[in-house]
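# Residue-level structure breakdown
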Amino acid sequence: MVVNSIIFWLFFAVVSLPYFVLLRKSYKAQNLWLLLASYFFYGWADWKMIPLLAIITIVFYWLGLQIKKNNKDNPKRASHLTTLGVVLGVGVLFYFKYLGFFVQEFAHLFESFGLNAHLSTFSIIMPIGISFFTFKLISYVLEIHRENIQPTKDFIQFATFIAFFPTILSGPIDRPGEFIPQLNKSRQFDYDNVAEGTRRIIWGLFLKVCIADRLFGYTSAVLDNYSHHNATSILIAVLLYSFEMYADFSGYSEMAIGVSQLLGLKVRENFHRPFLSQNTSEYWRRWHMSLTTWITDYIYMPLNVRFRNLGQYGMYIAIFINLVVIGAWHGANWTYVLFGAYHGIILIIIAATERKRRKFEKKYSLKKKAYYKYPRILITFLLVTVGLIIFRASNLSESFEIMQRLTYGYGLPFVNKTAFVFGIPFILLLIFKEFKDENKYNIHFLHSKRLSIRIASIIILLICVFLCGNLDGGQFIYFQF
Amino acid sequence: MEDSLYISNSNMKKGFTKILICFVTVLLCLYCFDCIFGYIMRFISHKNLEKEHCGLNYCLNAATADIIILGSSSARSNYVPQLIGDSINTRFGTKYSIYNTGNTYQDYPYFYCEMKSLIDRKVPKIVIIDLQPWTLAGSTNMSALKYMRPYYSVNSNVKKVLDDNETFLHRVLMNFEMYKYNEEFFDLLTSYLHPTTEYPLGFWALDGEEKEYKIIPEKDTRKVNPLSRQELERTIQIAQNKGIELFICISPYLRYIDRNSPAYKEIVNLCAQYNIPFFDYSNDLELVKGELFHDTMHLNKKGANIFSNKLTSQILKSLSKKT
């Protein structure tokens, strides 16, 4: 049941009607209803994993209360309990997501030494959304230990935060300090929330079906059979893949945020025009923000403090580890590790040259100059695109082969009618909108001051979805993570 | 407290009313657009005998030819109808007309649908079906059903095929014109506004040569899909019941074709069972050359001419034996 399916909207109608009509006077009843709906939603995707979600929620709820209890009286015990929470969260993630991969890699390693490891390959079914809800759980215990938040005594409230259906499958990864307080008051039907939520859902739907799913036809045809295509086709495919990835994931995030807003709940933003970044450091502050801020807060900052006696080198190590973790978070494959390492190295170079660069920019007042800004945006985009070649490949050798194929054999490209006719013009529309938004020209048609223009924009977007969108499209890319 | 609750309630009612008005406005506008758009597209699509839709549209709306070629994009660019038709007419002194209805992805559900629609209009004398050797191993190509959607409400054969293959949700969406013409409207519109004569009798000549190709022997162990088999058998039965001379052919490919695959064997068996002439050029050494191909799946113009000549002589031999 994905947010761009009709079945989801039937489910949403069933959830929201009692939520706003019958239960609107009691926030507790609304929370319980949301929790039941969230478990139903999760069960629809993977009912066998409901016990895991329920048990892990109970354990972390208990841990939260215990950490709070011991924070002042017995800080050591509180620290131990927090460590236990982190180990448990990471352990669950490791078991379901990485164990099979490591067992396989060890078996290969032994075999390369001529030893038979006798490790039969086993596959563990990964619960859908595990990377997202374990991060929520870990942040909960860490925030309580840091005394940034109070643990909630209301179990329903906590379980609703963890299992909240618009975000459980693919984020955004919410923080307890921002989300749980919203569950303390009843949510009323609010015109502004509903209007804004609807606009975001329609925009997200447009990004998904008109851009991401249209480009998928081209990128998959070329990159899955790259040995049969010339360099021009591969170059077009890798450039389009960056947009496909962005439209797919930001489309999902827009819809998830929009659905939450319809329910009167605000969740974290996930994207802030990442392709208009002027360097990759800025890119990571604008791309999948809920994950990058999570990793910055809970991994980069503590590491930076730990390595501070190493001076600048300590910061470089922290940056590198931070990016490798972001890469590895996506899955058990060396390509993700290399993807993280690649970005880590670029970020270290940026950090190492930052002072000189700023001095240079100041000396010649370059910061706002178009001839300085736009080439930087383009270079950043190309660097990100190279990273995504590694990210998309099924193994390391494939990613190197694709890059190698880009160096020779240019000719007439492979043409996919729908990607070129629909996907590319919509990409141009997206770029135009993002540039305008970035430069605060504020001509955003969906947010016009005139209601008639807002309605007309919605109608035009819906017509585009129905006429030009791929209505038989597949899952969201980030569901696999 | 009561006052604030009253204000909140009245705000909620106002908000709800405003949202409802906006929602109804959007729906009404979409409905009007859908009706007008559907009307225009119906007019355009039924007059369209160009590009992607020409084959299907021809079968459904305009078929009068005596010799029909059915198949996918390989059929469209490999079979030169003029050449085949002229050879048959010269040999037998007939005045048969011919049309190549080949279209992208067209496979077994289309053959059945096209064959039924052809017969409803006029029974052809000869039908040549171009099959891909692996066609019986696959499941229904759902993405290719989109070509049929514009004809859903006007052709009962199309309706039946789509109803049999599409999900309930798609059948509901089929009530909306925008859904029926999703993506296809562009082709229909451009070919209506800029009609070309580049595709004589449905034939698409391709140019270029395939220089980089490798033929790697690969075993195809995929099982036969019973539904595909049944659909092909139904098509054969319809043709035989109406006394149509049916030929089943496999075009040349610049790739290895496993003649021991279950799907291939099933085609051979079906042809033998119904006594249908079967011509396989998939591994014909005279044809399997890069200079004759546009890509690994489609012949170029030169290749299509050579192939059509070879095929026609086989068809003529087969027809001569019968007469």
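This one's a predicted model, so the numbers in the text were calculated from it and none came from an experiment.

How each quantity is defined
Residues numbered from 1 in each chain as written. Chains lettered and ligands numbered in written order. Predicted model: local features only at pLDDT ≥ 70, side-chain atom pairs only at ≥ 80, totals over all residues. Heavy atoms only, no water. Helix = DSSP H or I, 4+ residues; strand = E, 2+ residues; numbered from the N terminus. Rg over C-alpha atoms; globule rule 2.2 N^0.38 Å. Buried < 20%, exposed > 50% of the residue type's maximum accessible area, 1.4 Å probe, protein only. Contact = heavy atoms within 4.5 Å. Areas by Shrake-Rupley, 256 points an atom, 1.4 Å probe, with all protein chains shown as cover. Lys, Arg positive; Asp, Glu negative; His and termini not counted. Charge placed at Lys NZ, Arg CZ, Asp CG, Glu CD. Axes fitted to C-alpha atoms, helices over the stretch in contact; angles between N-to-C directions. Parallel < 35°, antiparallel > 145°, perpendicular 65-115°, else oblique. Left-handed = near helix turned anticlockwise from the far one by under 90°. Nonpolar A, V, L, I, M, F, W, Y, C, P; charged D, E, K, R; others polar. Patch = residues over 30% accessible without salt bridge, like charges linked within 9 Å, V, L, I, M, F, W, Y side chains within 5 Å. Salt bridge = Lys/Arg side-chain N within 4 Å of Asp/Glu carboxyl O. Phe/Tyr/Trp six-rings, centres within 6.5 Å; stacked < 30°, edge-to-face > 60°. Lys NZ or Arg CZ within 6 Å of the ring centre and 35° of its normal. Domains from an automatic or database assignment. Buried area = accessible area lost by both parts, 1.4 Å probe. Polar contact = N/O pair within 3.5 Å; in protein donor to acceptor, adjacent residues only side chain to side chain. Core = buried A, V, L, I, M, F, W, Y, C linked by side-chain atoms within 4.5 Å. Arc of directions from axis to C-beta. Pairing = 2+ DSSP bridges. Right-handed = clockwise from strand over helix to strand, strands pointing away. Expected span 1.5 Å × (residues − 1). Disulfide = S-S within 2.5 Å.

Now for the overall build of chain A. Within chain A, the regular secondary structure consists of 18 helices and 0 strands. Taking 2.2 N^0.38 as the reference for a compact globule, 481 residues should give roughly 23 Å; the C-alpha atoms of chain A span a radius of gyration of 24 Å, in line with that estimate. Taking all 481 residues of chain A together, the buried fraction comes to 55%. Long-range contacts, defined here as pairs at least 24 residues apart, represent 75% of the contacts in chain A between residues at least 6 apart. When the accessible surface of chain A is totalled, it reaches about 22,000 Å², and 65% of it is carbon and sulfur. Within chain A, the 28 negative side-chain charges are centred at a point lying 8 Å from the centre of the 48 positive side-chain charges.

Residues and elements named next belong to chain A. Contact geometry for helix 14 (residues 334-363) and helix 15 (residues 370-392): axes closest at 9 Å, N-to-C directions at 160 degrees. Classed by the angle they form, the pair helix 14 and helix 15 counts as roughly antiparallel. Crossing handedness for the pair helix 14 and helix 15: right-handed. Residues Thr335, Tyr336, Leu338, Phe339, Tyr342, His343, Ile346, Arg357 and Glu361 of helix 14 form the contact with helix 15, whose own contacting residues are Tyr372, Arg376, Leu383, Val384, Val386, Gly387, Leu388, Ile390 and Phe391. Taken together, the residues of the contact of helix 14 with helix 15 sort by class into 12 nonpolar, 3 polar and 3 charged.

The grouping of Phe94(A), Phe102(A), Phe106(A), Leu109(A), Phe110(A), Phe113(A) and Leu115(A) at the surface amounts to a nonpolar patch, some 690 Å² of accessible area in total. With respect to the element layout, Phe106(A) can be found in helix 4 (residues 75-112).

Moving on to the packing of aromatic side chains. Residues and elements named next belong to chain B. Per the stated rule, a full pass over the model turns up 62 aromatic pairs over all chains. One Lys or Arg, Arg76, reaches over the ring of Trp204 and ends 3.8 Å from the middle of that ring. We note Arg91 situated over the ring of Phe92; from NZ or CZ to the ring centre the distance is 5.3 Å.

With that settled, the discussion passes to the domain arrangement of chain A. Residues and elements named next belong to chain A. Looking at chain A, the domain boundaries give domain 1 (6-187) and domain 2 (193-480). Centre-to-centre, using C-alpha coordinates, domain 1 lies 26 Å away from domain 2. Each partner contributes to the interface: domain 1 provides 37 residues, whereas domain 2 provides 34 residues. Contact with domain 2 buries surface across domain 1, with Phe135, Pro172 and Arg175 losing the most and accounting together for 19% of the total. In this structure, the connection of domain 1 to domain 2 is made through 2 salt bridges. Here Arg175 makes a salt bridge to Asp297, at a shortest N to O gap of 3.0 Å. Linking domain 1 with domain 2 are 16 residue pairs in polar contact (both at pLDDT 80 or more). A per-class count over the side of domain 1 that touches domain 2 returns 22 nonpolar, 7 polar and 8 charged.

Turning our attention to the interface of chain B and chain A. Every contact between the two is made by 27 residues of chain B and, on the other side, 26 residues of chain A. Carbon and sulfur atoms supply 75% of the area buried between chain B and chain A, which totals about 2,400 Å² over both sides. Ranking the residues of chain B by area buried against chain A places Met12(B), Ile19(B) and Glu183(B) at the top, with a combined share of 22%. Along the contact surface separating chain B from chain A lie 2 salt bridges. Between chain B and chain A we count 6 residue pairs in polar contact (both at pLDDT 80 or more) in total. Put simply, the parts of the chain that give the side of chain B that touches chain A at least two residues each are helix 1 (2-45), helix 7 (168-173), helix 8 (177-180) and helix 9 (184-193) of chain B. Broken down by element, the side of chain B that touches chain A gets its largest block of residues, 14 residues, from helix 1 of chain B.

Residue and element names in this part refer to chain A. A cluster of basic side chains, namely Arg355, Lys356, Lys359 and Lys363, defines a positive patch on the protein surface. Residue placement: Lys359 occurs in helix 14. According to the relative accessible area criterion, Lys359 is exposed, its value standing at 66%.

By the secondary structure assignment, Met49(A) is in the loop between helix 2 (27-46) and helix 3 (50-73). Distance in space between the C-alpha atoms of Met49(A) and Leu276(A) is 39 Å, their sequence separation being 227 residues.

Residue and element names in this part refer to chain A. Mapped onto the elements of the fold, Ser233 is located in helix 10 (residues 231-262). On the basis of relative accessibility, which here comes to 1%, the residue Ser233 falls in the buried class. Excluding its chain neighbours within four sequence positions, the residues that come into contact with Ser233 are Tyr218, Val222, Leu412, Pro413 and Phe414.

Ranked by size, the top nonpolar core spans 152 residues in total, and within it Phe8(A), Phe133(A), Phe158(A), Phe165(A), Phe206(A) and Ile211(A) carry the most contacts. Take this core: its biggest share by element is 17 residues, from helix 9 (residues 191-223) of chain A. When residues of this core are assigned to domains, at least three map to each of domain 1 (6-187) and domain 2 (193-480) of chain A. Ignoring sequence-local partners within four residues, the contact set of Ile211(A) consists of Phe206(A), Phe243(A), Ala247(A), Phe426(A), Ile427(A) and Leu430(A). Counting 46 residues, the second-largest nonpolar core is a separate cluster that includes Tyr110(B), Tyr112(B), Ile119(B) and Leu246(B).

Let's shift gears to the packing of helix 10 of chain A against helix 15 of chain A. Residues and elements named next belong to chain A. Their axes nearest at 9 Å, the elements helix 10 and helix 15 cross at an angle of 85 degrees. Between helix 10 and helix 15, the crossing angle belongs to the class labelled roughly perpendicular. Contact residues: Val238, Leu239, Tyr241, Ser242, Phe243 and Met245 in helix 10; Phe381, Leu382, Thr385, Leu388, Ile389, Phe391 and Arg392 in helix 15.

In this section: helix 6 (residues 156-165) of chain B. Residues and elements named next belong to chain B. All of the buried residues along helix 6 are Asn157, Val158, Val161, Leu162 and Asn165. Along the axis of helix 6, the buried positions cluster into a sector of 125 degrees, meaning they face one direction only. The opening residue of helix 6, the one whose side-chain oxygen lies 2.8 Å from the backbone nitrogen of Asn157, is Asn155.

Turning our eyes to something else, we now look at the pattern of salt bridges. A complete count under the given rule lists 30 salt bridges over all chains for this structure. Where Glu183(B) meets Arg214(A), a salt bridge forms, and the shortest distance between an N and an O atom there is 2.9 Å. You can see Glu183(B) sitting in the loop between helix 8 and helix 9 and its partner Arg214(A) sitting in helix 9, one on each of two chains. For the pair shown, Glu183(B) and Arg214(A) are each scored as buried. The salt bridge involving Lys310(B) is made with Glu286(B); its shortest N-O contact spans 3.2 Å. Of the two residues, Lys310(B) is situated in helix 12 (residues 301-322) and Glu286(B) in the loop between strand 5 (278-280) and helix 12; the sequence distance between them amounts to 24 residues.

Bringing the pairing of strand 4 (residues 245-250) of chain B into the picture now. All names here are of chain B. Counting buried residues in strand 4 gives 5 out of 6 residues, a clear majority hidden from the surface. Here strand 3 (residues 126-130) pairs with strand 4 via 5 bridges, running parallel. Each bridged residue has a counterpart across the sheet, and for Ile126 the counterpart in strand 4 is Glu245. Handedness of the crossover joining strand 4 and strand 5 through helix 11 (residues 262-273) is recorded here as right-handed.

Before going further, it helps to examine helix 2 of chain A. An ideal rise of 1.5 Å per residue puts 28 Å on 20 residues; helix 2 of chain A measures up with 28 Å between its terminal C-alpha atoms. Considered for burial, the residues of helix 2 of chain A that qualify are Gln30(A), Asn31(A), Leu34(A), Leu35(A), Ala37(A), Ser38(A), Tyr39(A), Phe41(A), Tyr42(A), Gly43(A) and Asp46(A).

Bringing the state of the cysteines into the picture now. Residues and elements named next belong to chain B. The full count for this structure, using the stated rule, is 0 disulfides over all chains. You can see Cys22 has no disulfide; the closest cysteine sulfur is in Cys29, sitting 11 Å from it. For Cys32, which is in no disulfide, the shortest distance to another cysteine sulfur is to Cys29 and amounts to 6.6 Å.

What follows is about the pairing of strand 1 (residues 67-70) of chain B. Residues and elements named next belong to chain B. Neither face of strand 1 is left uncovered, since the one carrying Ile67 and Ile69 and the one carrying Ile68 and Leu70 both have all their residues buried. Pairing geometry for strand 1 and strand 2 (residues 98-100), over 3 bridges, is parallel. When the sheet's bridge partners are listed, Ile68 is paired in strand 2 with Tyr99. Pairing analysis gives 4 bridges linking strand 1 to strand 3, with the strands arranged parallel. Directly across from Ile69, in strand 3, lies its bridge partner Ile128.

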